[in-house]
Structure formats: C-alpha cells, structure tokens
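Close look at the chain arrangement
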Amino acid sequence: MHSGLPPIDTATMQRVGGQLGTNPAGVFQDDRGRRYYVKTLESPEHARNEAVAARLYQLTGAPTLTYVRTAQPDQIATEWVLLEKRRIAHFTEGERKQAQRWFGVHAWTANWDAAGFDGDNQGVVAGRVLTLDVGGALAFRARGDPKGRAFGIQVDEIEVMRSDDRNPHAVKLFADMGPDDIAEAIAVVVRIPDDSIRQAIIDSGGSRRLTDKMIARKADMARRLRSN
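First, a word on scope: everything that follows refers to the structure included in this document. (Residues numbered from 1 in each chain as written. Predicted model: local features only at pLDDT ≥ 70, side-chain atom pairs only at ≥ 80, totals over all residues. Heavy atoms only, no water.)

Glancing now at the packing of helix H7 (residues 194-203) against helix H8 (residues 208-227). A pair of packed helices is captured by two measures, namely the crossing angle of their axes and the spacing between those axes. As a packed pair, H7 and H8 sit with axes 9 Å apart at the nearest point and diverge in direction by 145 degrees. Note on packing geometry: the crossing formed by H7 with H8 is right-handed. Contacts from Asp194, Ile197, Arg198, Ile201 and Ile202 in H7 reach Arg208, Leu210, Thr211, Met214, Ile215 and Lys218 in H8. Within the contact of H7 with H8, the residues separate by chemical class into six nonpolar, one polar and four charged. (Axes fitted to C-alpha atoms, helices over the stretch in contact; angles between N-to-C directions. Helix = DSSP H or I, 4+ residues; strand = E, 2+ residues; numbered from the N terminus. Left-handed = near helix turned anticlockwise from the far one by under 90°. Contact = heavy atoms within 4.5 Å. Nonpolar A, V, L, I, M, F, W, Y, C, P; charged D, E, K, R; others polar.)

Encoded structure:
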C-alpha cells in the first residue's frame, strides 16, 4: 500500500519517538500532526529494495503498513499506527490463520524475517493481521547484509521457513500448515500475471534482472503446486 501524499522530509519534522527495530529509525510528526515511522537504511539501494518488496506485497493483496515516499533516498517510511498486538505469541487461532494465508508471499519474496526475530514482525490493527516490516525481503537480510546466491530462482523457503530451527518464530507460525493450506498460499502468488509483476518492479525502481528472478521464482512455485 502506498500513500498518495507527497514525499515527506524528516528535516522539516519533529521527532516524537525512537527506534523500534534493528535499523536507525524514529517516529516523526509533521505540522498537521500526522506521524510516520522512518528508517534510515545503509544505502538508497536498501531503501529501493524494501520499496519494491512492499509493492509486491501490495500486488498479492498481503496486508502491510502504508508506505510513504521520502525526500531522502536512503530512507523508508510508513504511516504510524497503534497496534492492538505485536507478538505472534499473543495471536488467536483466527489471527494465526490470517498470517498463514500470506506464507506464499513471504516465501516468494524470500522474506526470512516475516515472523520477526522475536515474533514481532506480525501485528494486528483493527482485527487485521499485517506484516510490519518487509526490509528482510528480496536481496537483503533484515540487518542489511546481502543474501547473495541464497536469493536464487528456487523457492526453498517453502520448506525452510517451516523447519529451520535458526528461525524459530517462523517455524512456530508456519510449521503446522497442512498441504491444502500451503497449496492455497502458493496459489496466491501463482495467480499473479507476469506482466503485473514486471510492471510493479519497474515502477518501484527495481531492475529487469530482479523482474526475471521474481517471475522465475513464481514459476518454481507453480511447479511445486502442480507436483503436489
């Protein structure tokens, strides 16, 4: 989701809150009282990577916070909201099922941080489960390190995110999904037309190389769906 507001400039805003995640960040308020959570990332490339990931989430229908354009190219911002919950451990069974519906999107975008380091990357707003940060998707890890070859054209995340004990909160959230649940989560991605993926990535500043990779990853998911 992307706000229609003009780019925000934190140099003209008041800082009213501090950092919540691993990146330097804060809550900023403009002269109309609107608040935003703004992260300063390692480079404009990191910010662009997250902007593309957010657009791909939007394309699939997976709920996220509302992203806002920034004047500084190394920043990423979202509209500030008050969460009802911010811990997977506190979710009801219905909220867990909501989160699991988007498992295929997390796998497709290689968002290894979908559940969060402490189970805190999924939250609830007005009864709706959102992914709160997609900075760990695509080319970079949540702390900013490049994934390199680990982000390839095979979507091994479909298995790994449900079994890797180095990512315990993802396992806790996704491991009990049955075959039908997994198939439907994969189908969410497979149903997206290639042209829509291509347009979303290019419009968000992504490369043609990334476009080819994401279409190939979708094709890999389609093969897995057919083989089940």
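This part covers the nonpolar core. The tendency in soluble globular proteins is for nonpolar side chains to be buried side by side. Core analysis: the biggest nonpolar cluster contains 47 residues, and Leu56, Trp108, Leu138, Ile158, Ile197 and Met214 have the highest contact counts within it. Those elements giving two or more residues to this core turn out to be helix H1 (44-60), helix H3 (103-108), helix H5 (168-174), helix H6 (179-190), H7 and H8. With six residues, H1 is the single largest residue contributor to this core. For Met214, the residues in contact, after removing those within four places along its chain, are Leu56, Trp108, Thr109, Leu138, Phe151, Ile197 and Ile201. Grouped together as the second largest cluster of nonpolar side chains are seven residues, Ile8, Tyr36, Val38 and Ala77 included. (Core = buried A, V, L, I, M, F, W, Y, C linked by side-chain atoms within 4.5 Å. Buried < 20%, exposed > 50% of the residue type's maximum accessible area, 1.4 Å probe, protein only.)

What follows concerns the side chain of Lys147. Position of Lys147 relative to the elements: it lies in the loop between strand S7 (128-131) and helix H4 (157-160). The buried charged residue Lys147 lacks any salt bridge partner; its closest oppositely charged side chain belongs to Glu157, at an N-O distance of 6.2 Å. (Lys, Arg positive; Asp, Glu negative; His and termini not counted. Salt bridge = Lys/Arg side-chain N within 4 Å of Asp/Glu carboxyl O.)

Let us look at the packing of aromatic side chains. In the structure shown here, the tally under the stated rule is two aromatic pairs. Seen from their ring centres, Tyr37 and Trp80 are 6.3 Å apart, and the 35 degrees between their planes marks the pair as tilted. Here Trp80 lies in the loop between strand S5 (75-79) and helix H2 (93-101) and Tyr37 lies in strand S3 (residues 35-40), a separation of 43 residues in the sequence. With relative accessibility at 32%, the residue Trp80 sits in the partly exposed group. Arranged with centres 4.8 Å apart and planes meeting at 45 degrees, the rings of Phe103 and Phe174 form a pair that is tilted. (Phe/Tyr/Trp six-rings, centres within 6.5 Å; stacked < 30°, edge-to-face > 60°.)

Our next topic: H6. Along its 12 residues, H6 runs 16 Å from first to last C-alpha, staying within 8% of the 16 Å computed at 1.5 Å per residue. All of the buried residues in H6 are Ile182, Ala185, Ile186, Ala187, Val188 and Val189. Where H6 is buried, its residues touch H1, H2, H3, H4 and H8. (Expected span 1.5 Å × (residues − 1).)

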